[in-house]
Amino acid sequence: MSTPSGRPSSSALTRIGALRVPEITAAFWIVKGLSTAMGESTSDYLVTSIDPQIAVVLGFVVFAAALVLQLRVGRYNAWTYWLAVVGVGVFGTMAADVMHVVLGVPYPISTAFYAVALAAVFIVWYRTEHTLSIHAVDTTRRELFYWAAVMATFAMGTALGDFTAYTLHLGYATSAALFAVAILIPAAGYRWLGWNPILCFWTAYVLTRPLGASVADWLGKPTDTSGLGIGDGPVVAVFGLLILALVAYLAITKSDVQQTIRTSGSHHEDPAPRR
């Protein structure tokens, strides 16, 4: 369905060819950052409040249920999408922590492992679909690749944040500052230097994880471990309320719904970058 001007109308957002992820706006990065921070604090709160094994199983069940719900919707919906992101944030943190705490894998090795896993996802995704653009996630297969990449970024980011905080002894605040500066590099490259938008997006996406996790740990962890001592529970509550408010705003305004409809004939083309 098109408007008289020939552009797709919002009512044309159907399951067939509908885009499954939001437009990349300032709100996207804010909610993404909050969700990474909440995922870190929620994971830590659960594994210290109940049996760690039960916590990991619970984290996986919530993650799997949220992802199934998102896949069944068949197009972008703010509530189901961000619920899935939060689910990935919690379980992704647990996956990285299990590798270190339970299996005894050092943070440099676990970071490298998840980096290789992420690279493998990107390679298979690109060879299969000929694009890594989030402006072309309009089929179930592409969405599965997308969520596999998101899961890998969360696990890798968690290990990377712990690597700088513990292995390099930078602490939480310094680590947060380091990643805050690092995330400005792809932003500046895209905005002023004409860098590849897909590369810049995924680089920034990876960096939001250790940034958010470092901020959450800095706020919640005890003062004798370089934190402020607020506690994981209060951090989860505050970030959770902020996420609810922002997602409600997005769900009502639909300001982050991508309006471009992809068809099967355009699946091998990368769309022009969104400005």
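S.K.: What's the story with the nonpolar core in this structure? I'm lost.
M.R.: Buried together is how nonpolar side chains tend to be arranged in soluble globular proteins. Ranked by size, the top nonpolar core spans 54 residues in total, and within it Tyr81, Trp82, Trp125, Tyr146, Trp147, Trp202 and Tyr205 carry the most contacts. Residue assignment for this core shows that the elements contributing at least two residues are helix H1 (26-49), helix H2 (52-73), helix H3 (78-102), helix H4 (107-129), helix H5 (140-167), helix H7 (197-220) and helix H8 (232-253). Ignoring anything within four residues of it in the chain, the contact list for Trp125 reads His130, Thr131, Leu132, Val137, Arg142, Phe145, Tyr146, Ala149 and Trp202. Listed in part, the seven residues of the second largest apolar core include Leu160, Ala176, Phe179 and Ile183.

S.K.: Even after reading the chapter, I still don't get the environment of Gly233, so can you show me in this structure?
M.R.: Relative to the assigned elements, Gly233 resides in helix H8. When the C-alpha positions of Gly233 and Met38 are compared, they lie 9.8 Å apart, and in sequence the two are 195 residues distant.

S.K.: Mind showing me how you'd approach helix H6 (residues 171-192) here?
M.R.: In an α-helix, one turn spans 3.6 residues; hence positions three or four apart end up facing the same way. Taking 1.5 Å as the rise per residue, H6 with 22 residues should run 32 Å; its terminal C-alpha atoms sit 32 Å apart, in good agreement. Looking at H6, one finds that the buried residues are Gly171, Tyr172, Ser175, Ala176, Phe179, Ile183, Pro186 and Gly189. Of the surrounding elements, those touching the buried residues of H6 are H5 and H7. One or two steps after H6, the chain reaches Gly194, where phi turns positive at roughly 70 degrees.

S.K.: For this particular structure, what's the right way to read the pattern of salt bridges?
M.R.: Pairing of side chains with opposite charge becomes possible as their charged atoms draw close. Counted according to the given criterion, the structure contains eight salt bridges. Taking the shortest distance from any N to any O, the salt bridge between Arg141 and Glu129 comes out at 2.5 Å. Of the two residues, Arg141 sits in helix H5 while Glu129 sits in helix H4, which places them twelve residues apart along the sequence. Of the residues examined, Glu129 reaches a relative accessible area of 4% and is grouped as buried. A salt bridge links Lys221 to Asp232, with the shortest nitrogen-to-oxygen separation between them at 3.1 Å. Taken together, the positions of Lys221 in the loop between H7 and H8 and Asp232 in helix H8 put the pair eleven residues apart, joining distant regions of the chain. The pair formed by Lys221 and Asp232 is uniform in burial state, with each residue classed as buried. One salt-bridge network, in which partners are shared between bridges, spans Asp44, Asp217, Lys221 and Asp232.

S.K.: Can you help me understand the packing of H3 against H5 in this one?
M.R.: Relative orientation and spacing of two packed helices are given, respectively, by the angle between their axes and the distance between those axes. It is at 8 Å that the axes of H3 and H5 come closest, and there the two elements cross at 45 degrees. The angle between H3 and H5 places the two elements in the oblique class. Note that H3 runs across H5; the crossing there is right-handed. Facing H3, whose interface residues are Tyr81, Ala84, Val85, Val88, Gly89, Phe91, Gly92, Thr93, Ala95, Ala96 and Asp97, H5 presents Tyr146, Trp147, Val150, Met151, Phe154, Ala155, Thr158, Ala159 and Asp162.

S.K.: How do you make sense of the packing of aromatic side chains when you look at a structure like this?
M.R.: Two descriptors summarise a pair of aromatic rings, namely the distance from one centre to the other and the angle between the planes of the rings. On inspection of all chains with the given rule, the structure shows 24 aromatic pairs. Between Tyr76 and Tyr81, the ring centres sit 5.6 Å apart and the planes meet at 65 degrees, which makes this aromatic pair edge-to-face. What makes Tyr81 buried here is its relative accessible area of 0%. Both rings, one in Phe201 and one in Tyr205, keep their centres 5.6 Å apart while their planes meet at 45 degrees; by these two values the pair is tilted. Placement of both Phe201 and Tyr205 in helix H7 is noted, with a separation of four residues, approximately one turn of the helix. The two residues Phe201 and Tyr205 agree in class, both being buried.

S.K.: Mind showing me how you'd approach a nonpolar patch on the surface here?
M.R.: Residues Ile50, Ile54, Leu58 and Val62 make up a contiguous nonpolar surface patch of roughly 330 Å² in combined accessible area. By the secondary structure assignment, Leu58 is in helix H2.

S.K.: Help me out: how do you make sense of unusual backbone geometry in this one?
M.R.: Residues apart from glycine generally show negative phi values, whereas peptide bonds are mostly found in trans. Here the phi dihedral of Ser226 falls at roughly 75 degrees; this positive angle occurs in a residue that is not glycine. Mapped onto the elements, Ser226 comes out in the loop between H7 and H8. Positive phi outside glycine occurs at Lys254, with the angle close to 55 degrees. With respect to the helices, strands and loops of the structure, Lys254 is situated in the segment after H8.

S.K.: I'm lost on H7 in this one. Help?
M.R.: A rise of 1.5 Å per residue sets the reference length of H7, with its 24 residues, at 34 Å; its end C-alpha atoms lie 34 Å apart and thus fit the reference within 8%. Buried residues dominate H7, accounting for 19 of its 24 residues. By the N-cap criterion, in which a side-chain oxygen at the helix start approaches the backbone nitrogen of a residue two or three places on, H7 is capped by Asn196, the distance to Ile198 being 2.9 Å.

S.K.: What should I look at first to understand the packing of H1 against H3 in this one?
M.R.: Packing of H1 against H3 brings their axes to within 8 Å, and their N-to-C directions diverge by 45 degrees. In terms of axis orientation, H1 runs oblique to H3. Classified by chirality, the crossing of H3 by H1 is right-handed. Contact residues: H1 offers Phe28, Val31, Lys32, Ser35, Met38, Gly39, Glu40, Thr42, Ser43, Asp44, Leu46 and Val47, while H3 offers Tyr81, Trp82, Val85, Val86, Gly89, Val90, Thr93, Met94 and Asp97. Looking at the contact of H1 with H3 residue by residue, the class counts come to eleven nonpolar, six polar and four charged.

Definitions and cut-offs
- Numbering of residues starts from 1 in each chain and follows the order in which that chain's sequence is written.
- Where totals are concerned, whole chains, interfaces and linings use all residues; where local detail is concerned, this predicted model gives features only for residues with pLDDT of at least 70, and gives and counts side-chain atom pairs only at 80 or more.
- To get the side-chain values, all heavy atoms of the structure are used, and hydrogens and water are removed first.
- Think of a nonpolar core as a cluster: buried Ala, Val, Leu, Ile, Met, Phe, Trp, Tyr and Cys residues, connected wherever their side-chain atoms sit within 4.5 Å.
- Buried means the residue's accessible area, taken with a 1.4 Å probe over protein chains only, is under 20% of the maximum for its type, while exposed means over 50%, and partly exposed covers the values in between.
- Elements are defined by DSSP. Helices are runs of H or I of four residues or more, strands are runs of E of two residues or more, and each kind is numbered from the N terminus.
- Throughout, a residue-residue contact means that at least one pair of heavy atoms, one from each residue, lies within 4.5 Å.
- The span expected for a helix works out to 1.5 Å for each residue beyond the first.
- What counts as a salt bridge is simple: a side-chain nitrogen of Lys or Arg found within 4 Å of a carboxyl oxygen of Asp or Glu.
- Note on definitions: angles span 0 to 180 degrees between N-to-C directions of axes, and those axes are lines fitted to C-alpha atoms, for helices only across the stretch in contact.
- Comment on the angle field: the value is read as roughly parallel under 35 degrees, roughly antiparallel over 145, roughly perpendicular from 65 to 115, and oblique elsewhere.
- By convention, the crossing between two helices is left-handed when the near helix turns anticlockwise from the far helix through less than a right angle, and right-handed when the turn is clockwise.
- Only centres within 6.5 Å qualify two rings of Phe, Tyr or Trp (six-membered ring in Trp) as a pair; their planes then separate them into stacked at under 30 degrees, edge-to-face at over 60, and tilted for everything else.
- Each patch is built from salt-bridge-free residues with over 30% relative accessible area, joining like charges within 9 Å and nonpolar side chains (Val, Leu, Ile, Met, Phe, Trp, Tyr) within 5 Å.
- Under the convention used here, a 1.4 Å probe and the Shrake-Rupley method define accessible areas, while residue burial counts only the protein chains that appear.
- We call two N or O atoms a polar contact when they sit within 3.5 Å, provided that within protein one can donate a hydrogen and the other can accept it, with sequence-adjacent residues counted only if both atoms are side-chain atoms.
- The classification used treats Ala, Val, Leu, Ile, Met, Phe, Trp, Tyr, Cys and Pro as nonpolar, Asp, Glu, Lys and Arg as charged, and all other residues, Gly among them, as polar.

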